[in-house]
Amino acid sequence: MEKSLYLSPFEHESDLAAELTFKKLTILEQQGRVFLVEGMRNDIVWAQSSWLDVQEIAITSIGDAAKKLKALGRNWALYSTGHHRRAELIQEQLPHYPVKLIPFLHPRPSAPMGGWTLWDTDLIYASAKTSSQYPLGEMSFLEDQVNPPSRAYLKLWEFFTCHSPRLPRADEHLLDMGACPGGWTWVLQSFGGNVTAVDKAPLEPRIAQLPNVTVREESAFGMNPADLQKVDWFFSDIICYPARLLELVKKWEKHGVRNFVCTLKFQAETDHETTERFVKELGGRVIHQHHNKHEVTWFRVED
Ligand SMILES: C[S@@+](CC[C@H](N)C(=O)[O-])C[C@H]1O[C@@H](n2cnc3c(N)ncnc32)[C@H](O)[C@@H]1O
């Protein structure tokens, strides 16, 4: 049977292990944050980088390793699990690629990004085309240190820069649920459309006063969709149980909303079952973004 390899986000090894088991993949071995698995799936949420076409490469020397990797692809990110010095010496012989801070909406890299790990002194696991265009699925923004009122804005920056099939248009109405203090609202109003920001707590005044922002200080769960002008995009960063959010999303979907971007937040236990229900019952995809913590992002966006 074919093998695949998944790299968990920092300190989320147990979430990845639980998801792999939940999705009926057999974990053969773990080294550091990397899991070698029997079988493969392209929908592993808690993998920041998935290596589906993983190759097992026997090597005889550092030069031999570099030559074999170069024959497979150009860009190689190393995840070092052991034999660190030997791995570094191999990496030094591979072509360099620049790692820069990324501006918001910077075009996504078009070249495939490979990943490799020195599993044993003379054994490499490598994939010339990993699931992320960024090295090991890691990316950092050239941040705006002045304007956003919270760091939550980075989740939407990442979503629109790396994952969304399109951006909101200026003629669209965007609903931002759980908006306080206003990081997401600040990002959303930059697209030019009207934003309705909903939270029981007040937004930061300078965000609430932005020209195309309307604030509703109430619970998102008590709102009647019929009371609002047609909503084109539904965003949620509400702290609540994922199962409750699922019901809320269904209510707005029935009312004709086509585009959704929602954070599913977990308490002590990660709820893999409800995470899967979002995709099974509503379509779209779930990802763990680099800027997500103990939470994942479900989205469904029409092109
Ligand atoms: C993580 S914060 C949102 C941060 C925000 N997205 C930003 O970028 O600044 C979660 C928010 O959910 C709000 N929240 C919790 N329960 C809510 C409810 N029933 N209705 C509306 N907002 C709620 C909280 O008041 C809190 O402000």
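Residue numbers restart at each chain and count upward from 1, following the sequence in its written direction. The model is predicted, so local features are restricted to residues of pLDDT at least 70 and side-chain atom pairs to those at 80 or more, both for listing and for counting; the totals for chains, interfaces and linings are taken over all residues. Heavy atoms throughout the structure, all of them, feed into the side-chain values; hydrogens and water do not.

Draft legend 1. Summary view of the overall build of the chain. Across its full length, the chain holds eight helices and 15 strands. Between the two quantities, the radius of gyration covers C-alpha atoms and the globule rule is 2.2 Å times the number of residues to the power 0.38. Taken over the C-alpha trace, the chain has a radius of gyration of 21 Å; the compact-globule value for 303 residues is 19 Å, and the two agree within 12%. Here the C-alpha coordinates of the chain stretch approximately 70 × 40 × 30 Å along the principal axes. The buried share among the 303 residues of the chain stands at 52%. Excluding contacts between residues fewer than 6 apart, the proportion of contacts in the chain whose partners are at least 24 apart in sequence is 65%. Summed over all atoms, the accessible surface of the chain reaches about 14200 Å², with 51% contributed by carbon and sulfur. Put simply, DSSP marks the helices as runs of H or I at least four residues long and the strands as runs of E at least two long, and each gets a number from the N terminus on. Each residue is assigned to one of three classes by its accessible area relative to the maximum for its type, calculated with a 1.4 Å probe on protein chains only: buried under 20%, partly exposed between the two thresholds, exposed over 50%. Whether two residues are in contact is decided by their heavy atoms: any pair within 4.5 Å suffices. Accessible areas in this description were obtained via Shrake-Rupley with a 1.4 Å probe; residue shielding takes into account the shown protein chains only.

Draft legend 2. Quick look at the domain arrangement of the chain. What the domain assignment lists for the chain is domain 1 (3–137) and domain 2 (153–300). Here the bounds of each domain stem from an automatic or database domain assignment. Averaged C-alpha coordinates put domain 1 and domain 2 at centres separated by 32 Å. Opposite the 19 residues of domain 1 that make contact, domain 2 presents 22 residues. Accessible-area loss on putting two parts together, using a 1.4 Å probe and summing over both, is the definition of buried area adopted here. Looking only at domain 1, the three residues that lose the most surface to domain 2 are V45, F104 and R108, adding up to 38% of its buried area. Within this document, salt bridges are pairs made up of a side-chain nitrogen of Lys or Arg and a carboxyl oxygen of Asp or Glu, the two lying within 4 Å of each other. Applying the counting criterion to the domain 1 and domain 2 interface returns zero salt bridges. The residue classification treats Ala, Val, Leu, Ile, Met, Phe, Trp, Tyr, Cys and Pro as nonpolar and Asp, Glu, Lys and Arg as charged. All others, Gly included, are polar. A per-class count over the side of domain 1 that touches domain 2 returns 10 nonpolar, four polar and five charged.

Draft legend 3. Spatial organisation of helix α3 (residues 84–92). For α3, every residue scored as buried is listed here: A87, I90 and Q91. For α3, the buried positions fall inside an angular range of 100 degrees around the axis, keeping them on one side. Across α3 from its buried face, at more than 90 degrees, point the exposed residues R85 and E92. Those residues of α3 that are buried lie in contact with α2 (62–72), β6 (76–78) and β7 (114–120). Here, the arc refers to the directions that run from the helix axis to the C-beta atoms.

Draft legend 4. Spatial organisation of the site of the ligand. The rule for a residue being near a molecule or strand is that one of its heavy atoms must lie within 4 Å of it. Neighbouring residues of the ligand: 19 residues in total, closest S150, W184, D199, A220 and D237. The definition of a polar contact used here is a pair of N or O atoms within 3.5 Å, where within protein one atom must be able to donate a hydrogen and the other to accept one, and adjacent residues in sequence count solely through side-chain atom pairs. Within the side chain of S150, a nitrogen or oxygen atom sits 2.9 Å from an oxygen atom of the ligand. Within the backbone of G182, one N or O atom sits 3.1 Å away from an oxygen atom of the ligand. In isolation the ligand has 610 Å² of accessible area, and contact with the protein removes 84% of it.

Draft legend 5. Structural detail: the side chain of H291. In this structure, H291 sits in the loop between β14 (285–287) and β15 (295–300). Under the relative-accessibility criterion, H291 is labelled buried at 18%. In this structure the side chain of H291 is engaged in a polar contact, spanning 2.6 Å, whose partner is the side chain of E158.

Draft legend 6. Inspection of the nonpolar core at higher detail. Residues belong to one nonpolar core when they are buried, are Ala, Val, Leu, Ile, Met, Phe, Trp, Tyr or Cys, and are joined through side-chain atoms within 4.5 Å. With 36 residues, the main nonpolar core has L175, M177, F234, V249, W252 and W298 as its most contacted residues. The leading source of residues in this core is helix α7 (residues 242–254), at five residues. Inspection of this core shows a minimum of three residues originating in each of domain 1 (3–137) and domain 2 (153–300). Leaving out residues up to four positions away in the same chain, F234 has contacts with L175, M177, L248, V249, W252, V257, N259, F260, V261 and C262. Judged by nonpolar contacts, the second largest core, of 29 residues, contains I102, A197, V213 and I287.

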